[in-house]
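# Inside the fold
Here is what each chain is made of, one letter per residue.
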Amino acid sequence: MRNLYYMAVGLLMLFASCSDWLDVKPKTNVEEEDLFKNEQGFKEALTGVYIKLSETQLYGRELTYGFLSQLAQCYLAEENEDADYFEETWYTYPSTRTETYVNDFWVEGYNAIANLNNLLANIETRGDVIVTDGYRDIIKGEALGLRSFIYFDLLRMYGPIYKDNASSPSIPYRTQFNRDVAKLLPATEVIDSIIDCLHEAETLLENDPMNISFPSYGEDTSIDPFLNYRFNRMNKYAVKGELARAYLWKGDKVNAARYAREVIDAKKPTGGDMFALISDNTQDKICSTELMFAINMDSNTFADRIADEFAITMWNYYIISDINYLYEIFDVATDGQNDMRMKEGMGFSISANGAYTLKYNQDQLFSSVLENNIPLIRLPEMYYILAECTTDLEEATQLISTVRTMRGVDALQTFRNDTERMDAIEKEYRKEFYAEGQLWFFYKRLGYTTFLGCPIANMTEGHYRFPLPDDEIALGDIY
Amino acid sequence: MVDEQGDPIPGVSVVSNDQSLKAVTRADGTFSITLPEGKSVKSFTFSFIGMATKTVTWDGKPLSITLAEDAQTMDEVVVTGIFERKKEGFTGSANRMTGDEIRKLSSGNILNAITMLDPGFRMGDNMLSGSNPSSVPDFTMRGQSSMGDYSTDETVIMRGDIDTRPNQPLFVLDGIIDVGVTKIMDLDPAQIESVTLLKDAAAMAIYGSQASNGVVVVETKAPEAGRLRVTYNGNYKVEYPDLTDYHLLNAAEKLELERRAGYYDESGTIVNVENRYDIYRRKLLEVERGVDTYWLSQPLETVFAHRHGINLEGGTNELRYKIYAGLNQAPGIMKGTGVYGKSVSIDIRYRYKGLLISNIAYVDYTTSDRTSPYGTFDQYAKLNPYYRIRDEHGQIQQYLEKAVYDDSGFNSAGMTVGNPMYNTLYNSIDRNVAFEVRDAFRAEYSPMENLRLAMDLTVTKTTSDTDIFKSANHTDFIEVTDLEERGSYQWTNATTLDWDLAFTASYNKVWQNRHVLATYFRYDIKETKDHSAGAYATGFPNDNMDEVFLGAKVQENVGDENTTRSFGGVATLSYTYDQKYAADINGRLDASSEFGSENRYAPFWSAGLRWNLDKESWIQRLGFVDELVLRGTYGVTGEQGFTPYQALQMYNYTNTMRIYQSSDVVGTLLYGMGNPELKWQTTDSWNIGLDFTLFNNRLSGRFEYYNKLTKNTVLDYSLAPSIGFSTIKDNVGNISNKGYEFTLRYMPYYNVAQQMNLSFVVNGSHNKNTIEKISNALRARNEEQMKEDPDNPNKLSRPLPRYEEGYSQSMIWAVRSLGIDPITGREVFLTRDGERTSEWNAADQVPVGDTEPDLQGTMSLNFNWKGLSVNVAAQYKFGGQYYNKTLVDKVENADLRYNVDHRAYTDRWQNVGDLAVFKAVTQDVNGSQTKASTRFLMDQNELVLNTINIQYRFEQRYTPWIKRLGLSSASVGLYMEDLFHWSTIRQERGIEYPMSRQISMSLNLTF
């Protein structure tokens, strides 16, 4: 029996000492508290969100050249049976045709917001470990800016036509990562929260170094790599540009004009314009110096995907099979024949079988830094916002004409009235933001009952407003 | 006191003829009894478990006794895989089946036989994988213990894939715990000694949390001493396809269906109209020329499969050995598929006095050709019968149809269809090669009387390579122009290393021959390491260059790693009084790396009672009761139900491991929403059993009732997507699984003189799953979900909650349908309020059926006459419902450009006034998907004739002529398997791989 006793004691000791031996951690996962133990973790969590936004369900395709551009009738591939955008079911909800896209925007968008909220919470509690000068403000400012950027797009997709129906419950606005259900807030409250948050980001990013350069070879090693190529991040001017967009959506033209002007007039610390319009896009498809914010795509897959998706084949979606439609978009009949945004080899590849945009065809650019990018905010939008908001029709004409002349199109006669102004702006959005997604939001903001290529006889809010996912209806707080 | 091998037997009970004197033998087998003065003893009776009781007269001199093993009493031991327990003292639910019973029901996979022998052991549906020898079926015991959605589609898991199914029982093979299910499937049935199923809390308490779905303990035959004995086993099987469930359209019908669907309607430009007309005329001409290809038979063949095993055994009483070598060639009915295995095992046992050392080593080498070079079967089921296989030169065509383009290069009619048979002209591989070495070492020692100490060490090392190669000419790459993308190679190498070290002590004590006390203690420590890595490369212009490193471009690196470590101790105390009453108690403490640092230890316990009524004199007086046992167990066991990273908030790098320009680090994202309040789920389980044998073995049976109540069930609790994640692990309530299982055996005819008997066996089971209680959070949300829309009070816009008290998880949800409107051809639904509507709305779904059958089980018949035995077994199932998803996919949601089920032609609505079962034909595949509706809910009643087996055993005493052939015994058997399948549901079975029927012969020769 004594032997048994010794054995029992021995085994108990084994139990006690094995706790460390049991501590096995999976290699691909890391606990939250371990991640945010040092500065690198904060950088990684922020970088993760940018990479998430580059997924094809979000800005990597559907919210730029994909779904939103299909709805805005940028393409004509009517021989492809699955690409029948002229069918009404693209605009009536619920529809099995659009269900997956519309659900993904919501699910993935809120997932990115959850990541940002958790990052922001950790900056508050553990942010002291961010030691490099200025990083804390940059990371926090970008996180707030990005969150507003995503919220604003969710509001523009799922919210009402603001000018007609501003008090309609739109989307939940969450600032905490927890499991409590958040209510659908009226669009007015959401837009105010977005604007407040953007202002906070603006303050935090006041000292953004705004390092932007497009070296034709090599890399400038003197710049901190975490703060280089700022156009790929939610920088100071991206926040200001977003403010201009948000104020305009809200109908606050004074503030929208103020921010648009601030961006247009922005100067580099060394002097010279911070952003400048481009007049030759042959080797500069996404207009380098106009980029205020662009998402950087995965260099391993992006070029191949673009080559596949934009080739003239029977199964592709993002093409124009009838050249006349291209000419219509670019007003070739009146004044568009020299528009660099359309010309063969510049903005488009045109052949007898059809045409497709070269915006994303980025293998012959003057700087490798420009490759694998999808623009999200560009300078011309600031010109158009200012042109729409200014009370001076003369100035409005000049602003539009500035962009037009840079693109190789004649300047315009001074607008005689607001209708002429808005007509001109509509056409410019259509040409400038071809396959960038912003055109759809332009139509929705102004509640256009029809537009070029629109298959619906009378577009109403119901056609412009995406339905909430079934799961949100079932599990969220929608009343 | 020795056994037949001359080894001493400790613990034998010795009783004098008048019952007054008793003793037990010591470790060396000796015993002594002091005889009181003046007392005379005529004889002594010696008894021991597993040995025939012997009575010897005593004339006053020392006795030397040899006890013989008793085949009958060997049944009386319960093999738990860890300890051997006396059946009389075992209170748990253990169903033991012998190798012979198994061999009578299956010629190959022994698990098929187990599903027929035990009503609680079920094999999953093989609707998709059919009879593919490389697919790994899903097995479950006594229902699902966790909450979740089990209505999802069947997943096909092939050899070499990672098995992700959560409800598999634990498999134990010759003491090696947790072997893969394929190792059991590949076992040569001739090697099986016995299989024991453990189902209740007692099994959980012994094996810990990994046994929450039950345990299957498989023992192979131990070597027999004697001169060298050679045994040969063979099985020769003919397997042929069973396509009786396929009813596809013929060429003329198919083309007519396409016309009705409007593929050839005049539309678009003049060129378009012309092209559409042309292509229709061309197809029509082919039909009129008599082209009507039966594509289904093209990739299939009748195959001959064979298995051989040679066994050498012998040795002395001290040292016994067994060497087994086996070969299994099992091609599948799709050309180029199959499983080819070779295995060797060496079993050596050494015994000297109180010491026993044994070592069993296995080596398995298995090659599986997983998919056919012809492709999957569904590709052939889709092909239109008006296509020809070969062109006018007799060559296999690459394209069966080419789309027609208009002037600007756009598709105006038809589609491009590759010929899957074209791929057979070029090299392709889908192969898994697995190599496994297992070793089980055991040393046992009895240092003192009644005490046994043992050490077990088992080590398993597996390497498995999976290679999937498609040449550049494969039809998958028809539309790919880039040479670097044509041809692909996916290579994965997976290795595992498991080891398990266990120490066992057992102690038995008998007092006054009435009180038997047995205790067991076991401590074990183990580690499992899995690692896999591989690459995906493309660009193989020359199809002889089938090596992954010859690819022009590496697309992706893949891999995974996982290590788990655990240790635990289990203690068992069991007491039996007078062989009538028994009680036992098991306790276990587990610690595992999977439990997370907050919750390192998990306790389990169970207790049981047993009453051997047949030992009671008042029962014995009845005269017709041979055996009557009442037993019950109760236990509380725990299961984590989640991995630690689900409780903690974790970040993950998997999808964000790339460089983002303007950042100098890689990205990371939240893996999920952590729930620090998560609790373990625990299960209280009751098991009550009754075993009886009556009227001289004429009638016997077994009845078990169980009630498992799982508390704090862990579930993926759905969240509103705006929270950022769609689920969180949470404790959502209590679930019960109540059910019964029975087996009845009736032997109407029994003639000892003729050695003839006939018996019938029926077994069955029913399980009822109920959600007993839901958490407050879930209740609050259900109420929230039922709130009415204030703007629209009559419209119930949200679907009903699915987790409500009283609901079952096997319920089927669908919108009630009134059928197809004869006027419009559209479906008419009922809303939740009972109003008619033509719109399908998720909120109108209500529970409409339950997949759990009222009863399912097996009926079998067994006839023996001398060496002849005949067995017939059939499985039945009735009272459940089934949502016929195959029918939805193959008829209404079918893409009409391809071949479809006959009903899509005959039973669909066409004209106003048609009373049709299916909606109108439309080519709009994406816009009008049929969603869950009661039109596709069907009652499922099924009868499957699984096995007919006829065997004849030649023995020297009946057939002396076999001696002249040098044989000591021989047997020949004939099997017919999966002969007949009758069901109330008409659907295609075997989608990716067809079903088969099998006829085989087995031969067993002992020299």
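Here the structure is shown first, and the text comes after it.
Quick caveat: nothing in here was measured; it's all calculated off a predicted structure. (Residues numbered from 1 in each chain as written. Chains lettered and ligands numbered in written order. Predicted model: local features only at pLDDT ≥ 70, side-chain atom pairs only at ≥ 80, totals over all residues. Heavy atoms only, no water.)

## Description of the overall build of chain A
Quick note on the threshold: Only DSSP runs of H or I with at least four residues qualify as helices, and only runs of E with at least two residues qualify as strands; both kinds are numbered from the N terminus onward. We compute the radius of gyration from the C-alpha atoms alone; for a globule the expected value is 2.2 Å times N to the 0.38, where N is the number of residues. Here the term buried applies to any residue with accessible area under 20% of the maximum for its type, exposed to any over 50%, and partly exposed to those in between, with areas from a 1.4 Å probe on protein chains only. Contact criterion: two residues are considered in contact whenever any of their non-hydrogen atoms come within 4.5 Å of each other. Each accessible area is a Shrake-Rupley estimate made with a 1.4 Å probe; only the visible protein chains count as cover when residues are assessed. Positive charges come from Lys and Arg alone, negative charges from Asp and Glu alone, with His and the N- and C-terminal ends not counted. Charged groups are reduced to one reference atom each: NZ for lysine, CZ for arginine, CG for aspartic acid, CD for glutamic acid.
A count of helical and extended segments in chain A gives 18 helices and 7 strands. The C-alpha atoms of chain A give 25 Å as radius of gyration, which agrees with the globular expectation for 479 residues (23 Å, within 12%). On the principal axes, the C-alpha backbone points of chain A span a range of 105 × 55 × 45 Å. Taking all 479 residues of chain A together, 61% fall into the buried category. In chain A, 70% of the contacts between residues at least 6 apart in sequence involve partners at least 24 apart. With the model as given, the accessible surface of chain A reaches about 18200 Å², and the carbon-plus-sulfur share is 49%. In chain A, which carries 44 positive and 76 negative side-chain charges, the distance between the mean positions of the two groups comes to 4 Å.

## Considerations on the interface of chain B and chain A
Where interface size is given, it is often the accessible area lost as the parts come together that is meant. How we decide: What counts as buried area is the accessible surface, traced by a 1.4 Å probe, that two parts surrender upon association, with contributions from both included. Here, a salt bridge means any side-chain nitrogen of Lys or Arg that lies within 4 Å of a carboxyl oxygen of Asp or Glu. Pairs of N or O atoms are called polar contacts if they sit within 3.5 Å, as long as, within protein, a hydrogen donor faces a hydrogen acceptor (for residues adjacent in sequence, only side-chain-to-side-chain pairs). Here the term charged refers only to Asp, Glu, Lys and Arg, the term nonpolar to Ala, Val, Leu, Ile, Met, Phe, Trp, Tyr, Cys and Pro, and the term polar to all other amino acids, Gly among them. Whether two strands pair comes down to DSSP finding at least two bridges between them.
Contacts between chain B and chain A engage 83 residues on the former and 82 residues on the latter. Together chain B and chain A conceal approximately 7200 Å² of surface at their shared face, both sides included; 59% is due to carbon and sulfur atoms. For B:Lys553, the salt bridge goes to A:Asp304, with nearest N and O atoms at 3.3 Å. Counting across the interface, chain B meets chain A through 22 residue pairs in polar contact (both at pLDDT 80 or more). It is strand β29 (residues 553-577) of chain B that provides the largest number of residues to the side of chain B that touches chain A, a total of 8 residues. Within the side of chain B that touches chain A, the residues separate by chemical class into 33 nonpolar, 29 polar and 21 charged. Here 3 bridges tie strand β1 (residues 29-31) of chain A to strand β33 (residues 650-652) of chain B, and the two strands are oriented antiparallel to one another. Following the sheet pairing, A:Val30 is matched in β33(B) by B:Tyr651.

## Brief notes about unusual backbone geometry
Here the phi dihedral of A:Asn372 falls at roughly 60°; this positive angle occurs in a residue that is not glycine. Along the chain, A:Asn372 falls in the loop between β6 (354-357) and β7 (373-378).

## Some thoughts on the sheet that holds strand β12 (residues 170-173) of chain B
Residues and elements named next belong to chain B. The cut-off we apply is this: A fitted line through C-alpha atoms represents every axis, and for helices the fit uses only the stretch in contact; the resulting angles, taken between N-to-C directions, go from 0 to 180 degrees.
Ordered by their spatial adjacency, 5 strands build an open sheet running β9-β14-β15-β12-β13, and the pairing between neighbours is mixed. The sheet is open, and its two borders are formed by β9 (94-98) and β13 (176-177), each paired with just one other strand. In this sheet, strand β15 (residues 215-220) lies alongside strand β14 (residues 192-198) in antiparallel orientation, the contact comprising 6 bridges. Looking at β15, one finds that Leu197 is bridged to Val216. In the packing of helix α3 (residues 110-117) onto the sheet, contacts are made with β9, β12 and β14, and the angle to β14 comes to roughly 50°.

## Quick look at helix α8 (residues 187-204) of chain A
All names here are of chain A. Heads up, the rule is: To estimate the expected span of a helix, subtract one from its residue number and multiply by 1.5 Å.
The terminal C-alpha atoms of α8, which comprises 18 residues, lie 26 Å apart, in line with the 26 Å expected from a rise of 1.5 Å per residue. Looking at α8, one finds that the buried residues are Ala187, Val190, Ile191, Ile194, Ile195, Cys197, Leu198, Ala201, Glu202 and Leu204. If you follow the buried residues of α8, they end up packed against α6 (135-158), α7 (162-165), β2 (169-171), β3 (185-186), α9 (236-250) and α10 (253-264).

## Remarks on the environment of B:Thr57
Residues and elements named next belong to chain B. Mapped onto the fold, Thr57 is located in strand β5 (residues 54-57). Taking relative accessible area as the criterion, Thr57 reaches 64% and is therefore assigned exposed. Sequence-wise, Thr57 and Gly559 are 502 residues apart; in three dimensions their C-alpha atoms are separated by 72 Å.

## Remarks on the packing of helix α3 (residues 39-53) of chain A against α6(A)
Residues and elements named next belong to chain A. Rules: The scheme is simple: roughly parallel for angles under 35 degrees, roughly antiparallel for over 145, roughly perpendicular for 65 to 115, oblique for anything else. If you view the pair so one helix is near and one far, a crossing is left-handed when the near helix is turned anticlockwise from the far one by less than a right angle, and right-handed when it is turned clockwise.
Relative orientation of the contacting elements α3 and α6 amounts to 25°, with a least axis distance of 11 Å. What the angle tells us is that α3 and α6 run roughly parallel. For α3 against α6, the interelement crossing comes out left-handed. For the pair α3 and α6, the contacting residues are Glu39, Phe42, Lys43, Leu46, Val49, Tyr50 and Leu53 in the first and Tyr135, Ile139, Glu142, Ala143, Leu146 and Ile150 in the second. Of the residues contributing to the contact of α3 with α6, the split by class is 10 nonpolar, no polar and 3 charged.

## Points about a nonpolar patch on the surface
Residue and element names in this part refer to chain B. Quick reminder of the rule: Patch members must show over 30% relative accessible area and no salt bridge, and they are joined within 9 Å when carrying like charges or within 5 Å when they are nonpolar side chains of Val, Leu, Ile, Met, Phe, Trp or Tyr.
Taken together, Leu319, Ile323, Val344, Ile346, Ile348, Tyr350, Tyr352, Ile357, Val363, Tyr365, Phe435 and Val437 make up a surface patch of nonpolar side chains, about 930 Å² in accessible area. Secondary-structure elements contributing two or more residues to the nonpolar patch are β18 (319-331), β19 (338-352), β20 (355-369) and β25 (428-448). Considering each element in turn, the nonpolar patch owes the most residues, 5 residues, to β19. Within the secondary structure layout, Ile323 lies in strand β18.

## Points about the side chain of B:Lys254
Residues and elements named next belong to chain B. Position of Lys254 among the secondary structure elements: in helix α6 (residues 251-261). Within polar-contact distance, the side chain of Lys254 engages the backbone oxygen of Tyr898 at 3.2 Å. Here Lys254 is in contact with Leu249, Asn384, Pro385, Tyr386, Leu896, Arg897, Tyr898 and Asn899, once residues within four sequence places are set aside.

## Some details on the nonpolar core
For the record, the criterion: For the purposes of this section, nonpolar cores are sets of buried Ala, Val, Leu, Ile, Met, Phe, Trp, Tyr and Cys residues that join through side-chain atoms within 4.5 Å.
Counting residues in each nonpolar core, the largest one holds 181 residues, and the members touching the most others are A:Tyr158, A:Met382, A:Trp440 and A:Phe466. Among the elements that make up this core, the one with the highest residue count is α6(A) (14 residues). Aside from chain neighbours lying at most four places away, what touches A:Met382 is A:Gly241, A:Ala244, A:Ala260, A:Val263, A:Ile264, A:Met292 and A:Ile377. Residues B:Leu400, B:Tyr422, B:Leu887 and B:Ile985 belong to the second largest nonpolar core, which totals 41 residues.

Nothing here speaks to function; it is all geometry.
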